[in-house]
Amino acid sequence: MKKLTIAILAALAVHGSALAGFTEGANAYNARNYALALKEVMPLARAGNADAEHLLGLMYYMGRGVPRDYKQAFAWHYKAAQQGKADAEYVVGAMYYTGNAVPQDEKLAVQWFHKAAEQNHPDAQYALGLMYRNHVAGVPQDVVLAYMLWNLAAANGHKNAVQQRAALARQMTEEQIEEAQALSRTWRPGMALPAQTRTGAMAP
């Protein structure tokens, strides 16, 4: 599943924080002044700020301002993920899926992808869609759930989800597409994703 290979990009969104210093750190990071970013972000991360923990984890993952260290990257992302930071939940899931700095564990990867997807994280929704479409990582095949997840990710601007959804739709029945569209319309961020669907287990 090459499409599920982790790809942590500098373009990952960095959200503002009420704590003094994080905005300066985030701005410094985006301006590629990694030394200043580290100076501003490290104390906040050590104080337990989830945004700062995520950004520090990203810096360790990319080797920006600090030596590249995947174990440190995982540790900081895991701290942020435990506080419900969706970007960090996705990274933790991806690192468990690939076995990067941690023992590979597809079950844990799916759990973390679910947490992020239920917060409307498009990359997590896309990854889960691939899992449901292709029956990998212990996830049952369900084309309706795959379509629903790609529909949600597409609404968040995920271009690959648009392409995958279009390809899948050509293999689905009208009834399956209608169910997937209905599930997409009624779902809201923070809601649990369906465990199964009425028509999705049918062979497309």
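Rules and cut-offs
Residues numbered from 1 in each chain as written. Predicted model: local features only at pLDDT ≥ 70, side-chain atom pairs only at ≥ 80, totals over all residues. Heavy atoms only, no water. Helix = DSSP H or I, 4+ residues; strand = E, 2+ residues; numbered from the N terminus. Buried < 20%, exposed > 50% of the residue type's maximum accessible area, 1.4 Å probe, protein only. Contact = heavy atoms within 4.5 Å. Salt bridge = Lys/Arg side-chain N within 4 Å of Asp/Glu carboxyl O. Phe/Tyr/Trp six-rings, centres within 6.5 Å; stacked < 30°, edge-to-face > 60°. Lys NZ or Arg CZ within 6 Å of the ring centre and 35° of its normal. Arc of directions from axis to C-beta. Polar contact = N/O pair within 3.5 Å; in protein donor to acceptor, adjacent residues only side chain to side chain. Core = buried A, V, L, I, M, F, W, Y, C linked by side-chain atoms within 4.5 Å.

1. Here we look at the overall build of the protein
For step 1, the next point in the chain: Along the protein, the regular secondary structure elements total 10 helices and 0 strands.
For step 2, the next point in the chain: Counting from the amino terminus, the protein carries its helices and strands in the arrangement α-α-α-α-α-α-α-α-α-α.
For step 3, the next point in the chain: Out of the 204 residues in the protein, the part that is buried amounts to 50%.
For step 4, the next point in the chain: At a minimum sequence separation of 6, the contacts of the protein that also span at least 24 residues come to 57%.

2. Examining the pattern of salt bridges
For step 1, the next point in the chain: Evaluated as defined, the whole model comprises 2 salt bridges.
For step 2, the next point in the chain: In this structure, Lys85 and Asp51 form a salt bridge, with 2.6 Å as the shortest nitrogen-oxygen distance. Here Lys85, found in the loop between α4 (70-82) and α5 (86-98), pairs with Asp51, found in helix α3 (residues 50-62); they are 34 residues apart in sequence, far enough to count as distant.
For step 3, the next point in the chain: Here Glu175 and Arg198 are joined by a salt bridge, their closest N and O atoms 2.8 Å apart. With Glu175 in helix α10 (residues 174-186) and Arg198 in the segment after α10, this residue pair connects regions lying 23 residues apart in the sequence.

3. What about the packing of aromatic side chains?
For step 1, the next point in the chain: Under the criterion given, the structure shown has 7 aromatic pairs.
For step 2, the next point in the chain: Pairing Tyr90 with Phe113 gives two aromatic rings, centres 5.6 Å apart and planes at 35 degrees, and the pair type is tilted. Residue Tyr90 is found in helix α5, and its partner Phe113 is found in helix α6 (residues 106-117); the two are separated by 23 residues along the sequence.
For step 3, the next point in the chain: Look at Tyr126 and Trp150: their rings are 6.4 Å apart centre to centre, the planes differ by 40 degrees, and that puts the pair in the tilted class. Residue Tyr126 is found in helix α7 (residues 122-134), and its partner Trp150 is found in helix α8 (residues 143-155); the two are separated by 24 residues along the sequence.
For step 4, the next point in the chain: With relative accessibility at 0%, the residue Trp150 sits in the buried group.
For step 5, the next point in the chain: Here the aromatic cluster, defined as three or more aromatic residues joined through ring pairs, consists of Phe74, Tyr78, Tyr96 and Trp112.
For step 6, the next point in the chain: The ring of Trp76 has Lys79 lying over it, and the distance from NZ or CZ to the ring centre is 5.8 Å.
For step 7, the next point in the chain: Stacked on the ring of Trp112, the Lys or Arg Lys115 has its end atom at 5.5 Å from the ring centre.

4. Things to note about helix α1 (residues 22-30)
For step 1, the next point in the chain: The set of residues buried in α1 consists of Phe22, Gly25, Ala26, Ala28 and Tyr29. Projected onto a plane normal to the axis of α1, the buried residues spread over an arc of 160 degrees and lie on a single side.
For step 2, the next point in the chain: Count one or two residues on from α1 and you reach Arg32, which has phi positive near 70 degrees.

5. Let's talk about the side chain of His77
For step 1, the next point in the chain: Topologically, His77 is positioned in helix α4.
For step 2, the next point in the chain: Of the polar contacts made by the side chain of His77, one reaches the side chain of His54; its length is 3.2 Å.
For step 3, the next point in the chain: The residues contacting His77, other than those within four sequence positions of it, are Glu53, His54, Gly57, Leu58, Ala88, Val91 and Val92.

6. What to know about the side chain of His114
For step 1, the next point in the chain: Locating His114 in the fold gives a position in helix α6.
For step 2, the next point in the chain: Residue classification places His114 among the buried residues on the basis of a relative accessible area of 18%.
For step 3, the next point in the chain: Excluding anything up to four places from it in sequence, His114 contacts Leu128, Tyr132 and Leu193.

7. What about the nonpolar core?
For step 1, the next point in the chain: In terms of nonpolar packing, the biggest core is built from 68 residues, with Tyr29, Leu56, Met59, Phe113, Leu128 and Met131 touching the most fellow members.
For step 2, the next point in the chain: Among the elements that line this core, the one with the most residues is α8, at 11 residues.
For step 3, the next point in the chain: In this view, Phe113 contacts Tyr90, Gly93, Ala94, Tyr97, Ala124, Ala127, Leu128 and Met131; residues no more than four positions away in its chain are not counted.

Function-wise, these values are silent; they only describe arrangement.
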